[in-house]
Amino acid sequence: MKLMTLLIKAVRNVAVYNPEIQVAPDCILWPDRDRQWEAIIPIIQAELPELWVLGDYAPDKQTGPAIWLRCILADKGEHQESKLPTPIFYLPGVSRQDLRAIENCPEHLKPLAELQYRGVIWTQINAKDWTILAFLMSDQGGLGLSVAQDMATKSAMQLALHRLLYVDIEHLKGKPLNKDYFNTLVIGGDPIKDVLQWLDHETGFKNARHENEWVAFVEICKSQLAFDPEKEGVLAGAAKLANHSGPWQGVWERFCESPKRYPNIPTQIRKCQMPAPDIFANETTFGGWPQWNEDEENTLRTNLLLLNNATSQSVRTQLQQLEDYHGQRRQLIWAELGEAPLAMALEKLLLLASITQKSLAVGTIHELATAYQTLGWKADDAVLRALAVVENPADLDAISAVIRALYLPWLEESACYLQKQVSAVNYPGGNIENSKPISYPDGQCVLFVDGLRFDAAKRLNERLVNRGFNVEEESFWAALPSVTSTGKAAVSPVRDKIRGEEGNNDFEPYAAATSQSLKGGYHLKKLLVDAGWKVLERADNGDGIGNAWCEFGDIDHEGHDRGWKLAKHLDSLLKEINDRIQALLAVGWKSVRVVTDHGWLLVPGGLPKIELLSTLTDNKWGRCACLKPGASTEQSLYAWFWNPYQHFVLAHGVNCFKNGEEYTHGGLSLQECLTLQLTVSQSSGDKPTTQLEVTDVVWRGLRCSVAVEGYFAGLFLDIRQLPADSSSSLVLGIKPVKDNGTASVVVENDELDGQKAFLVLVDGEGTLYAQLDTVIGGN
């Protein structure tokens, strides 16, 4: 029950009488010499319509002089409210003693003096006026609560009265009601959040608060943080937050829960003088200072650049040393805010170092492919993930130094070995004359994605599995040369109706029946339609009947346009492809087969260039070229997939015929030629469900920590009132599930402690993957 309800009940109960021996009182007098209740009277009047106030004439506020109140009582005057309960007259600035001494009663009160005999007075059992403190503490007519009696508490209690009215009495029982409690109540119940808001926007915070709220805020800071905002100022507060020692540790922890809510705080801290670091400085003692993090990033950048000309083994050794020193910075808020890109990239560079330590250049082509499919592709993925965090040229140079030192030699070795094996036993992708037919079950849609490299297909697979789809993988060697004009037709359902013309210099095949070039795509689509296939345009998902071909996603175009920056956009491109697959399955296709034409090489700073005179070629691409009739070269010749009698030149190793190419393809390497086809279908049931399980839920206060098993990549933890409604979130900020399957969030409002809620796991688009009933704070 709310305190205001109990207060109203206490005042009204004074008029209770025994009709056997008493008459009903004409009114209730509420004296308040110190005017302690005056500020909340307008609030109480909304719930207590029979309450009238002694004061200047203002009938719209049920306020007027003593003679007017007598008129109200006599059902005379402008307001006749005969149906109301016993009238209550609130008398600010008037004590019971003022009324009792009639001969000395002030003139303006004399019309009310005799009402003390016709009515009753709401007073304590000792006949004293009810003060706020007395009403809260007294167990005889009051609430019987434990309240501190010092002047600071009395002052804070007065300021908090308007909020105290709405507090449930059960929440007050057993609590130490002191100045901190009342000041906290004044400022809204969350002083730590208020401190952070003040640090983030000092002027706006103060201007948005009433004087009482600001006074209470200052008192709370002085009491709980040993800090005076008025006298010491916002920069002193920012410095204390950065140091986060003593009582400021809790403020820092709250900031770390959701630093993006307070975007100006890092700027405020940067304005402060950071203590001089000593040789023992680390993330524990200086982790709150962005300046220290920047210094550490600069040091790491310098050390990475020094690896440019080091041996591979030396690079690996030094990377591990750098990880041991800088790795912990990934746990700081500066990493979450994007201010520790090199520390973030270091984790991926260390993975790259580990994978590239093992050579792929051993065994047969089949063994080479198996090693790449098992582990090797992760080196390509690590390179992209390291580059994805880069924001400026200096960081790019540092990361590129390591990539070129470790990745480029590893690429070169495996490409040369593959080329050597192909020269000895032929290319496993074969040519049109010896290619095996592919069957397509009824209800399957073939989705062509240009440039879906093996590692990108693995990422797409993970996304699809996380959405609850069944995914089957099948490796597939791209047609040579590994360019779109050759490879796209080779993965089409009508490849048996396509051939290549001898003397062709653009790698474009033609329709066997008509000799019409497939360049531009029209005649390929015509072949598909003539073969009974539906061709779906970009916005058309079809009807799920028969078979269909569609093209979506252009990773290759983005790679040629952006170079190394493709790494920063790959995930968004894969999300679009993921969404298209979902849309196709949603309309009724039994399965979607994802195919691609080729992979690619990507090395920041460019691949090494090899010379091939333009006078020898009819057409020269990044990694392949058509020789002019009669021309010769030391570079290896390979047969065109569409015509084994037509040969072309492929650059040796991972060399390139053009200068400065960061992204290219067309050659013979695992990255360009070994692709991954995915066959995607709905899981059993009407709706995809994620294969994951929440194995542990632990509440410590208002912090909820969970452990998850299964496919949880890309998922976030939230606590909600309604599981499917993101606007009902109760936490400071949703948090991603970490690589080890754990996550934790903090509920913002401590008044929710003990209430039921839902623990949910969602992806970045808000799709719900799992939900559990929970009780905030634990059961």
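Residues numbered from 1 in each chain as written. Predicted model: local features only at pLDDT ≥ 70, side-chain atom pairs only at ≥ 80, totals over all residues. Heavy atoms only, no water.

Details of the overall build of the protein chain
Scanning the protein chain from N- to C-terminus turns up 30 helices and 26 strands. For 779 residues, the compact-globule estimate of 2.2 N^0.38 gives 28 Å, and the protein chain exceeds it by more than 25% at 39 Å. Over its C-alpha atoms, taken along the principal directions, the protein chain stretches across nearly 135 × 65 × 40 Å. Relative to all contacts within the protein chain whose residues are 6 or more apart in sequence, the contacts with residues 24 or more apart total 69%. Just so you have it, the protein chain exposes about 35300 Å², and 49% of that area is on carbon and sulfur atoms. (Helix = DSSP H or I, 4+ residues; strand = E, 2+ residues; numbered from the N terminus. Rg over C-alpha atoms; globule rule 2.2 N^0.38 Å. Contact = heavy atoms within 4.5 Å. Areas by Shrake-Rupley, 256 points an atom, 1.4 Å probe, with all protein chains shown as cover.)

Some details on the sheet that holds strand β2 (residues 51–54)
Read across the open sheet, the 5 strands follow the order β3-β2-β4-β1-β5; overall the sheet is parallel. Because the sheet does not close on itself, it has two edges, and the strands there are β3 (63–64) and β5 (120–121). For strand β1 (residues 28–32) and strand β4 (residues 88–92), the ladder comprises 5 bridges, and the chain directions are parallel. Its bridge partner being in β4, I28 is matched across the sheet by I88. Relative to the sheet, helix α3 (residues 66–73) contacts β2, β3 and β4, its axis offset from that of β2 by approximately 155°. (Pairing = 2+ DSSP bridges. Axes fitted to C-alpha atoms, helices over the stretch in contact; angles between N-to-C directions.)

Quick notes on the packing of aromatic side chains
Under the defined criterion, the tally for this structure stands at 28 aromatic pairs. Seen in terms of ring centroids, F205 and W214 are 6.5 Å apart; in terms of plane orientation they differ by 65°. Their pairing is edge-to-face. Relative accessible area serves as the criterion here: at 4%, F205 is assigned to the buried category. Owing to a relative accessible area of 8%, W214 belongs among the buried residues under this scheme. Aromatic side chains F448 and W549 sit 6.0 Å apart centroid to centroid with 20° between the ring planes, which places their arrangement in the stacked category. Of this pair, F448 sits in strand β6 (residues 444–450) while W549 sits in strand β11 (residues 548–554); the two residues are 101 residues apart in sequence, bridging distant segments of the chain. Taken together, W30, W37, Y90, W122, W130 and F135 form an aromatic cluster joined through their ring pairs. (Phe/Tyr/Trp six-rings, centres within 6.5 Å; stacked < 30°, edge-to-face > 60°. Buried < 20%, exposed > 50% of the residue type's maximum accessible area, 1.4 Å probe, protein only.)

So, the environment of L342
Inspection of the secondary structure puts L342 in helix α22 (residues 341–356). In this structure the C-alpha to C-alpha distance between L342 and E391, which are 49 residues apart in sequence, comes to 9.9 Å. For L342, the contacting residues outside a window of four places in its chain are E297, L300, R301, L304, D395, A398 and I399.

Looking at helix α20 (residues 312–326)
The end-to-end C-alpha distance of α20 is 20 Å, a good match for the 21 Å that 15 residues give at a rise of 1.5 Å each. What α20 keeps buried is the set V315, R316, L319, L322, E323 and H326. Viewed end-on, α20 has its buried residues packed into an arc of 130°, placing them on one side of the element. Residues Q321 and D324 are exposed on α20 and point more than 90 degrees away from its buried face. (Expected span 1.5 Å × (residues − 1). Arc of directions from axis to C-beta.)

Things to note about helix α8 (residues 151–164)
For α8, built from 14 residues, the straight-helix expectation of 20 Å at 1.5 Å per residue is met to within 8% by its first-to-last C-alpha distance of 18 Å. At Q158, α8 is bent by approximately 40°, the largest bend along its length. Each element contacted by the buried residues of α8 is listed here: α1 (3–12), α7 (132–137), α9 (169–172), α10 (179–186) and α13 (211–225). With a side-chain oxygen lying 3.2 Å from the backbone nitrogen of A152, the N-terminal cap of α8 falls on D150. (Bend = angle between axes of the 7 residues up to and from the residue. Polar contact = N/O pair within 3.5 Å; in protein donor to acceptor, adjacent residues only side chain to side chain.)

So, the sheet that holds strand β24 (residues 742–746)
With respect to topology, 3 strands assemble into an open sheet ordered β20-β21-β24, the strand pairing being antiparallel. Of all strands in the sheet, those bounded by a partner on one side alone are β20 (692–700) and β24. Looking at each pair of strands side by side, their axes are set apart by 20° on average, direction ignored. Here β20 runs beside strand β21 (residues 703–710); their pairing, made up of 8 bridges, is antiparallel. Counted as the bridge partner of R700 is R703 from β21.

Considerations on the nonpolar core
Ranked by internal contacts, the top residues of the largest apolar core, which has 119 residues, are L319, I555, I581 and V594. At 15 residues, the largest contribution of residues to this core is made by helix α24 (residues 393–425). Beyond its immediate stretch of four places on either side in the chain, I581 contacts L447, L460, L464, V592, V594 and V680. Among the nonpolar cores identified, the runner-up in size contains 78 residues, and W30, W37, V251 and I333 belong to it. (Core = buried A, V, L, I, M, F, W, Y, C linked by side-chain atoms within 4.5 Å.)

Regarding the pairing of strand β15 (residues 624–627)
Going residue by residue along β15, you find C624 and C626 tucked away on one face and A625 and L627 tucked away on the opposite face as well. When β15 meets strand β17 (residues 643–650), the two strands line up antiparallel, connected through 2 bridges. Across the sheet, the residue bridging to A625 is V649, located in β17.

Looking at unusual backbone geometry
Comment: phi is negative for the bulk of residues other than glycine, and the bulk of peptide bonds are trans. That bond from L480 to P481 is cis: its omega, -5°, falls within 30 degrees of zero. Positionally, P481 belongs in the loop between β7 (470–477) and α26 (484–490). We note that R35 has phi near 55°; this positive angle belongs to a residue other than glycine. Within the secondary structure, R35 is located in the loop between β1 and α2 (41–45). The phi dihedral of Q62 is positive, around 55°, even though this residue is not glycine. Checked against the element boundaries, Q62 lands in the loop between β2 and β3. Take Q62: its relative accessible area is 21%, and that puts it in the partly exposed class.

So, the pattern of salt bridges
All chains considered together, the criterion is met by 38 salt bridges. Here R254 ties to D190 by a salt bridge, and the two come within 3.1 Å at their closest N and O atoms. Taken together, the residues span a long stretch of sequence, with R254 in helix α16 (residues 248–257) and D190 in the loop between α10 and α11 (191–200) at a distance of 64 residues. Both residues of the pair, R254 and D190, count as buried. The salt bridge involving R270 is made with E339; its shortest N-O contact spans 2.7 Å. Pair noted here: R270 is in helix α17 (residues 265–270) and E339 is in the loop between α21 (333–336) and α22, with a separation of 69 residues, a long-range link. A single salt-bridge network, built from bridges that share partners, covers D26, R70, E114 and R118. (Salt bridge = Lys/Arg side-chain N within 4 Å of Asp/Glu carboxyl O.)

Points about the side chain of R301
Here R301 lies in helix α19 (residues 290–305). Among the polar contacts made by the side chain of R301, one reaches the side chain of D395 at a distance of 2.7 Å. Excluding its chain neighbours within four sequence positions, the residues that come into contact with R301 are L342, A394, D395 and A398.

Description of the packing of α20 against α24
The contact between α20 and α24 brings their axes to 9 Å, and the two run at 130°. Between α20 and α24, the angle is such that the two are oblique. Considering the relative orientation of α20 and α24, their crossing is left-handed. Along its contact with α20, which presents S312, V315, R316 and L319, the element α24 presents V402, A405 and L406. When its residues are assigned to classes, the contact of α20 with α24 shows 5 nonpolar, 1 polar and 1 charged. (Parallel < 35°, antiparallel > 145°, perpendicular 65-115°, else oblique. Left-handed = near helix turned anticlockwise from the far one by under 90°. Nonpolar A, V, L, I, M, F, W, Y, C, P; charged D, E, K, R; others polar.)

Details of the confidence of the model for the protein chain
Mean pLDDT for the protein chain: 90, with 96% of residues reaching 70 or above. Note on residues 76–81: pLDDT is under 50 here. Beyond four places in sequence and across chains, it has 10 contacts. For residues 686–690, every residue scores under 50 in pLDDT, and the model assigns this stretch 13 contacts once sequence neighbours within four places are set aside. (pLDDT = per-residue confidence, 0-100.)

Considerations on the pairing of strand β19 (residues 674–681)
The buried fraction of β19 is high, at 6 of 8 residues. Two elements, β7 and β19, share 8 bridges in a ladder whose sense is antiparallel. Pairing of E472 across the sheet is with T679, part of β19.

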